[in-house]
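Results of the structural survey
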Amino acid sequence: MTSTPTSPVLVGRDAELAQVRAAVAAAPSIVVIEGEAGIGKSRLLQELVASEAGDALFLLGHCQHLLDPFPLGPVVDALRRHGDRIETARLSPVVGCLGALVPEIADRLPAPPEPLTDQHEARHRIFRAVTELLGHLAPGVLVLEDLHWADRVTFDLLAYLAAHQPPDLSIVVTTRPEAGALPVGEAFARAVAGPARTVTLRELGPAAVGELARSILGADVPDETAAALYEVTGGVPFVVEEVLRTMLERQPAAEIPRHPDAIAALSVSTALRDVVRERLAALDALAVEVLGAAAVADLTVDAGLVAEVTGYSMRKVARALDAAYAIGLLHDHEGRSRFRHVLAQQVIYDEVPSPTRRWLHLRIAQVLEESDGASQSARIAHHYQLAGRPAEFVRHAEAAADEAIERGNDAVAADLLRQATADMASLAPDARVRLATKLGRAAVDGLAHADAMPILARLLDEGGLPALARGELGLALGRLQRQQGHARAGFRTIERAVPDLDGRPDLQARALAVLAVPETVVDVSIATHLERCEQAEAAAERAGADDVGLSVRIARGSLLLEQGRPEAWDLIDAVRRDGVLLAHPREHARAAVNWAQGALHGGHLRRADELLAEGRAVAEAAGFERVAEVYVLVGAMADYENGRWDGLAERVRDLAVPGLGFGAASLDARLLHGLVLAATATGTEAREQLAGVIADCERVGSVWPLIPAQAALSRLLLSTGDAHGSLAQARAAVDQAGRKGLYVWAAAPMLCLVDAAVAMGTVAEVRAEVADLAGHLGDVDAPAALAAVRMCEAIVAQADGDAAAVERLLASARHAAAAAGLVYVAAQVEERLGDWRCAHGAGSGPALLEGALRTYGGLDARRDIARVTQLMRRHGVAVPYPWRGGRRALGTDLSDREREIALLAAEGRTNREIAAELFLSPRTVETHISHALRKLGLRSREELRRDSSVLGRDGEVAGT
């Protein structure tokens with residue numbers, strides 16, 4: 001059997017560990033750590049022992065669960081391992097009486113005194129001896145685990161110790177509160193060192209359970225999986241480990257976090273099953289029957305329901321539940337009886353014979369249905385489903401879904417409707433359409449996209465549906481497809497649905513508003529998006545509903561924003577003040593994050609931050625979790641553009657892992673990861689990430705982030721000397737933006753195209769395109785696009801020899817980027833301007849290059865650091881490492897070995913010659929040279945030979 005997995009780090013116990021540490025440090029002290037079995041008492045002690053520094057000695061003893069425990073057994077355990085710390089000469093003769101009790105240290109103790117005939121006196125002498133020996137071994141901590149199992153003599157010793165505690169000794173014990181009060185409790189309360197401090201370990205919360213699972217599995221654990229694991233285990237760490245052990249027997253660790261449904265449906269591990277069965281054996285038949293009915297009913301015990309279902313009197317049911325309390329199967333939870341955790345309930349549930357279980361489910365459903373209390377449709381549906389009554393189940397599941405939607409809980413509604421439509425063939429045609437339509441609506445906001453999509457698609461494929469039903473299902477399916485990242489399929493599905501929605505202008509307006517959004521699909525022009533927006537406005541006017549008009553105005557704002565139209569902000573600000581938007585927090589949250597993304601696309605960073613703060617506050621107040629991860633992602637995008645890069649690489653890496661609830665968001669996250677890698681990591685890793693984003697965007701027809709990913713890959717390829725590859729990627733991006741007619745999006749890839757053309761000596765071939773783009777943009781309200789097109793114009797002017805234009809255009813680009821707060825872009829413009837001025841002898845050139853370098857250093861943009869330092873050396877500008885006022889760029893110092901090998905390479909030695917001289921392999925030599933060239937900002941060994949002065953005396957870059 002696989003050994004039980006454990007966490008290499010202590011999780012969720014920082015506060016409790018700090019309390020114990022503080023008490024131990026303030027000796028003399030007594031600490032009682034209490035908590036139920038499996039809650040982590042021993043694990044906390046292990047961490048305490050492992051982490052404590054200094055001279056303190058830990059004396060560890062364990063109480064055993066024996067029918068007749070050995071007197072002072074745990075204390076003997078604690079003392080017998082430490083004979084080497086005993087200095088015999090410093091002990092009084094009384095300590096010698098411990099020789100017979102602890103023979104392992106007898107040779108280090110004084111000679112035993114004469115035996116005493118009075119047992120009370122003998123015991124008192126032993127207590128004195130133990131106390132003196134503990135004081136002798138101090139500073140130390142006496143740790144006794146599972147004190148509830150201790151023998152009577154040990155309790156008496158602890159009472160004595162509490163009254164005679166050595167000054168440098170702390171006492172730490174663990175116990176289970178369900179075992180009852182400790183006999184030594186009063187003595188601890190009146191201890192000479194002050195009352196004992198009690199540290200209670202409670203169940204871990206969902207977040208801590210997720211952290212524990214991540215630590216054990218070595219894999220990321222989504223919140224949904226952590227929640228499922230918490231619900232199953234009750235937050236008891238031992239149970240978490242047992243569940244994961246069971247899961248690890250079935251699948252690899254990396255797969256487990258992806259299947260929260262498998263955790264929720266997990267069978268109880270053998271170890272826990274045996275424990276519960278052992279406790280059940282202590283109950284009589286009636287109590288077992290009552291407890292079984294309670295387990296079938298719910299995790300929380302409703303005594304009245306159990307009595308009505310079983311037919312027993314409330315008195316008998318109460319006595320049965322009391323017995324279950326006594327053996328630890330039930331406990332009080334917020335004033336109600338509850339099973340200790342889900343797994344205990346499941347064991348008892350499984351012990352009920354299957355026919356009896358089905359009968360109990362049926363009776364419970366019927367009793368609940370007949371009750372006059374609050375609606376319990378979901379609970380009734382659950383019991384009818386397990387009773388094998390599908391018609392009743394579907395009826396109550398639909399009612400429960402309607403209630404969930406009214407409460408705004410679309411995720412629950414979607415799950416209920418998915419179950420209700422699992423067997424479509426058994427449903428009447430009108431019920432199929434009705435349930436599937438509700439499922440489509442709920443799934444859009446309920447993150448049940450993957451489950452709902454095939455159900456809707458299958459129903460649409462069957463044909464024979466009324467036009468309106470077909471249109472509504474098509475709209476729902478198209479929205480789900482888009483959110484899953486299938487941009488082309490979603491767009492086409494919604495387009496097909498629009499004519500069928502003529503009888504529902506409200507839905508038609510919403511469908512057309514979705515089609516008006518430009519950043520969704522490739523090869524659909526801005527003219528088409530504008531046409532759809534006008535059609536949406538007409539449909540909204542026919543619908544006459546304020547909320548419908550609101551959704552169209554939100555789409556119009558995004559459409560104007562992506563075009564860089566100045567009137568976009570007038571419309572957006574007006575909508576933000578509109579009472580209709582304020583009355584619809586979900587629409588408000590969606591709109592804010594969509595507008596924030598559009599603001600980032602154009603370079604309006606302050607506006608983006610403002611919208612993100614506003615929308616996040618609205619979403620949190622409304623409990624709208626559906627957009628939570630999108631806000632995290634767009635917030636990270638804003639941090640990237642603003643130059644807030646501290647910790648960004650780690651956050652972006654986590655966001656880019658597969659499994660985001662929205663496929664479209666996943667593509668954006670992967671783009672951002674690629675951008676960060678391109679600046680801070682190896683070219684290979686960034687190239688693979690960006691190429692993957694491009695391939696997936698092309699596969700699903702998503703125009704954003706296809707265009708920025710192609711532009712980023714173009715820049716990266718050019719930095720590695722692949723001008724042809726760079727030109728191809730830039731050309732693809734420019735053409736794609738041209739087909740959309742979104743010239744704001746074309747500016748960044750056009751800059752990449754021009755740079756690649758410079759490298760290939762073909763600037764003349766792109767001159768007309770640059771002029772055409774500049775003409776289309778004019779004075780567009782998009783700082784990022786303006787900075788990019790001005791740089792394009794400057795490069796063309798440089799090729800034409802128009803120095804005044806170059807100076808003017810680069811200064812304009814620098815101002816646009818800096819004024820917008822585009823930190824990284826501004827540094828790139830500053831680098832270009834500094835290069836230009838240094839080449840033309842302007843005195844301000846070196847300062848501009850140094851300013852760009854400082855910005856790159858603060859961002860830890862290593863590839864940019866390498867490039868600009870190479871540029872500075874080419875112009876004879878000193879490289880100011882380590883610079884003041886900024887973070888030192890990691891990875892720019894050569895190690896001793898790298899410098900040694902680089903010097904030999906600069907002399908013209910081959911890899912094989914260097915390897916032979918230094919007793920290394922040629923492959924190792926090649927690796928060191930590659931690292932050295934990157935750190936020095938050089939591209940080849942030839943450059944190193946030409947400029948070996950870049951190697952300093954101390955293995956650092958010259959100028960440091």
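Computed from a predicted model, the values in this text were never measured in an experiment. (Residues numbered from 1 in each chain as written. Predicted model: local features only at pLDDT ≥ 70, side-chain atom pairs only at ≥ 80, totals over all residues. Heavy atoms only, no water.)

1. Thoughts on the pattern of salt bridges
Applicable threshold: Definition used for salt bridges: Asp or Glu carboxyl oxygen within 4 Å of a side-chain nitrogen of Lys or Arg.
Applying the stated criterion across every chain yields a total of 42 salt bridges. In the salt-bridge network here, residues are joined through shared partners; they are Asp573, Arg576, Arg607, Glu610 and Glu614.

2. As for unusual backbone geometry
The criterion, for reference: Think of it this way: any DSSP run of H or I at least four residues long counts as a helix, any run of E at least two long counts as a strand, and we number them from the N terminus. Think of it in three bands: with a 1.4 Å probe and only protein chains considered, a residue is buried below 20% of the maximum accessible area for its type, exposed above 50%, and partly exposed in between.
That bond from Ala27 to Pro28 is cis: its omega, 0°, falls within 30 degrees of zero. One can find Pro28 in the loop between α1 (14-25) and β1 (29-34). The phi dihedral of Asp523 falls on the positive side, at around 60°, and the residue is not glycine. With respect to the helices and strands, the residue Asp523 is situated in the loop between α24 (505-516) and α25 (526-543). A positive phi angle, near 60°, is found at Asp860, a position not held by glycine. A relative accessible area of 12% means that Asp860 is categorised as buried.

3. Comments concerning the packing of helix α16 (residues 354-370) against helix α17 (residues 377-386)
Heads up, the rule is: Axes here mean lines fitted to C-alpha atoms, for a helix over just the part in contact, with angles spanning 0 to 180 degrees between N-to-C directions. If an angle is under 35 degrees, it is roughly parallel; if it is over 145, roughly antiparallel; if it lies from 65 to 115, roughly perpendicular; otherwise it is oblique. Left-handed describes a crossing whose near helix is turned anticlockwise from the far helix through less than a right angle; right-handed describes the clockwise counterpart. The contact criterion used throughout is that any non-hydrogen atoms of two residues lie within 4.5 Å. Under this grouping Gly is polar, as are all residues other than the nonpolar Ala, Val, Leu, Ile, Met, Phe, Trp, Tyr, Cys and Pro and the charged Asp, Glu, Lys and Arg.
Interhelical geometry of α16 versus α17 gives an angle of 150° and a closest axis separation of 8 Å. It follows that α16 is roughly antiparallel to α17 by the angle criterion. Helix-helix and strand crossings are classified by hand; for α16 and α17 the assignment is left-handed. Seen from α16, the contacting residues are Arg358, His361, Leu362, Ile364, Ala365, Gln366, Leu368 and Glu369; seen from α17, they are Arg379, Ile380, His382, His383, Tyr384 and Leu386. Across the contact of α16 with α17, the residue classes break down as seven nonpolar, four polar and three charged.

4. Details of the pairing of strand β4 (residues 169-175)
Heads up, the condition is: A pair of strands counts as paired when DSSP detects no fewer than two bridges linking them. A right-handed crossover is one whose linking path, passing over the helix from the first strand to the second, runs clockwise when the strands point away from the viewer.
Most of β4 is tucked away: seven of the seven residues are buried. Burial along β4 is two-sided: Leu169, Ile171, Val173 and Thr175 facing one way and Ser170, Val172 and Thr174 facing the other are all buried. As defined by bridge partners, β1 adjoins β4 across six bridges and the pair is classed as parallel. When the bridges of β4 are listed, Ile30 appears paired with Ile171. Of the strand pairs in this sheet, strand β3 (residues 140-145) and β4 are connected by five bridges, and their pairing is parallel. What sits directly across from Val143, in β4, is Val172. Of the crossover connections in this fold, the one passing from β3 over helix α5 (residues 152-163) to the parallel β4 is right-handed.

5. Details of α24
One turn of the α-helix equals 3.6 residues, which is why residues spaced by three or four share an orientation. What counts is decided by this rule: Expected span of a helix: the number of residues minus one, times 1.5 Å.
With twelve residues, α24 ought to run about 16 Å at 1.5 Å a step, and its terminal C-alpha atoms sit 16 Å apart, in line with that. Taken across its twelve residues, α24 has ten buried, putting it largely inside the fold. Residues of α24 that are buried include every one of Pro505, Leu507, Gln508, Ala509, Ala511, Leu512, Ala513, Val514, Leu515 and Ala516, and no others. Tucked into the core, α24 has its buried residues touching α22 (467-483), α23 (487-497), α25 and α26 (546-563).

6. Some words on the sheet that holds strand β5 (residues 197-200)
Strand order in the open sheet formed by five strands is β2-β3-β4-β1-β5, and the pairing between neighbours is parallel. The sheet is open, and its two edges are formed by β2 (57-62) and β5, each paired on a single side. Here the average twist between neighbouring strands, direction ignored, is 15°. For β2 and β3, the ladder comprises six bridges, and the chain directions are parallel. Its bridge partner lying in β3, His62 is registered against Glu145. Its contacts with the sheet put α1 on β1, β3, β4 and β5, and the angle it makes with β5 is roughly 160°.

7. Re the packing of aromatic side chains
Applicable threshold: Each Phe, Tyr or Trp ring, with Trp reduced to its six-membered ring, pairs with another whose centre is within 6.5 Å; inter-plane angles below 30 degrees give stacked pairs, above 60 give edge-to-face pairs, and intermediate values give tilted ones.
Using the criterion set out here, one finds six aromatic pairs in the structure. Note on Phe127 and Tyr160: the rings are 5.9 Å apart at their centroids and 45° apart in plane angle, and the pair reads as tilted. Here the residue Phe127 occupies a position in helix α4 (residues 119-137), and Tyr160 occupies one in helix α5, the gap between them amounting to 33 residues. Owing to a relative accessible area of 7%, Phe127 belongs among the buried residues under this scheme. Here Tyr160 falls in the buried class, since its relative accessible area comes to 16%. Aromatic pair Trp704 and Trp745: ring centres 5.1 Å apart, planes at 55°, arrangement tilted. Of this pair, Trp704 sits in the loop between α34 (683-700) and α35 (706-719) while Trp745 is found in helix α37 (residues 743-760), placing the two residues 41 residues apart along the sequence.

8. Here we look at the environment of Phe155
Mapped onto the secondary structure, Phe155 falls in helix α5. On the accessibility criterion, Phe155 (7% relative accessible area) is buried. Once the C-alpha coordinates of Phe155 and Pro71 are considered, the two residues, 84 residues apart in sequence, prove to be 9.8 Å apart. Contacts of Phe155, omitting those with residues within four sequence positions, involve Leu147, Ala150, Leu182, Pro183 and Val184.

9. Here's the deal with the side chain of Ser702
So the rule is basically this: Pairs of N or O atoms within 3.5 Å make up the polar contacts considered here, provided that, within protein, one atom can donate a hydrogen while the other can accept it, and that residues adjacent in sequence are counted only when both atoms are side-chain atoms.
Position of Ser702 relative to the elements: it lies in the loop between α34 and α35. Engagement of the side chain of Ser702 in a polar contact is seen with the backbone oxygen of Trp704, the distance being 2.7 Å. The contact partners of Ser702, leaving out residues within four places of it in the chain, are Ala487, Thr520, Val522, Leu667 and Cys697.

10. A look at the environment of Glu562
Note that Glu562 resides in helix α26. By relative accessible area, Glu562 is classed as buried at 3%. Glu562 sits 37 residues away from Ala599 along the chain, and the two C-alpha atoms are 7.9 Å apart. Beyond its immediate stretch of four places on either side in the chain, Glu562 contacts Pro518, Glu519, Gly598, His601, Leu742, Val744 and Trp745. Within the local environment of Glu562, its side chain forms a polar contact with the side chain of Trp745, the two groups lying 3.1 Å apart.

11. Section: helix α12 (residues 285-297)
Under the 1.5 Å per step criterion, the end-to-end length of α12 is 18 Å for 13 residues, consistent within 8% with the ideal 18 Å. Looking at α12, one finds that the buried residues are Ala287, Val290, Leu291, Gly292, Ala293, Ala294, Ala295, Val296 and Ala297. Capping of α12 at its N-terminal end is provided by Asp284; its side-chain oxygen lies 3.3 Å from the backbone amide nitrogen of Leu286.

12. Here we look at the side chain of Thr175
Within the secondary structure, Thr175 sits in strand β4. In contact with Thr175, other than residues within four places in its own chain, are Val32, Ile33, Glu34, Gly35, Lys41, His148 and Leu182.

13. Re the confidence of the model for the protein chain
Put simply, the rule is: The predictor reports its confidence for every residue as pLDDT, a score running from 0 up to 100.
Taken residue by residue, the protein chain gives an average pLDDT of 85. The fraction at 70 or more is 90%. Residue range residues 882-892 is modelled with pLDDT below 50. Its contacts to residues more than four positions away, or to other chains, number 25 contacts. Within the model, the stretch residues 952-960 combines pLDDT values under 50 with 25 contacts to residues more than four positions away or in other chains.

14. Remarks on a negative patch on the surface
To keep things clear, this is the line we draw: Only residues whose relative accessible area exceeds 30% and that take part in no salt bridge are eligible for patches, with like-charged residues grouped when within 9 Å of each other and nonpolar side chains (Val, Leu, Ile, Met, Phe, Trp, Tyr) grouped when within 5 Å. Using a 1.4 Å probe, accessible areas were evaluated by the Shrake-Rupley method; residue-level cover was limited to the displayed protein chains. We score Asp and Glu as negative and Lys and Arg as positive, and we do not count His or the chain ends. One atom stands in for each charge, and that atom is NZ of Lys, CZ of Arg, CG of Asp or CD of Glu.
A cluster of like negative charges, contributed by Asp220, Asp223, Glu650 and Asp654, occupies part of the molecular surface. By the element assignment, Asp223 lies in helix α8 (residues 223-233).

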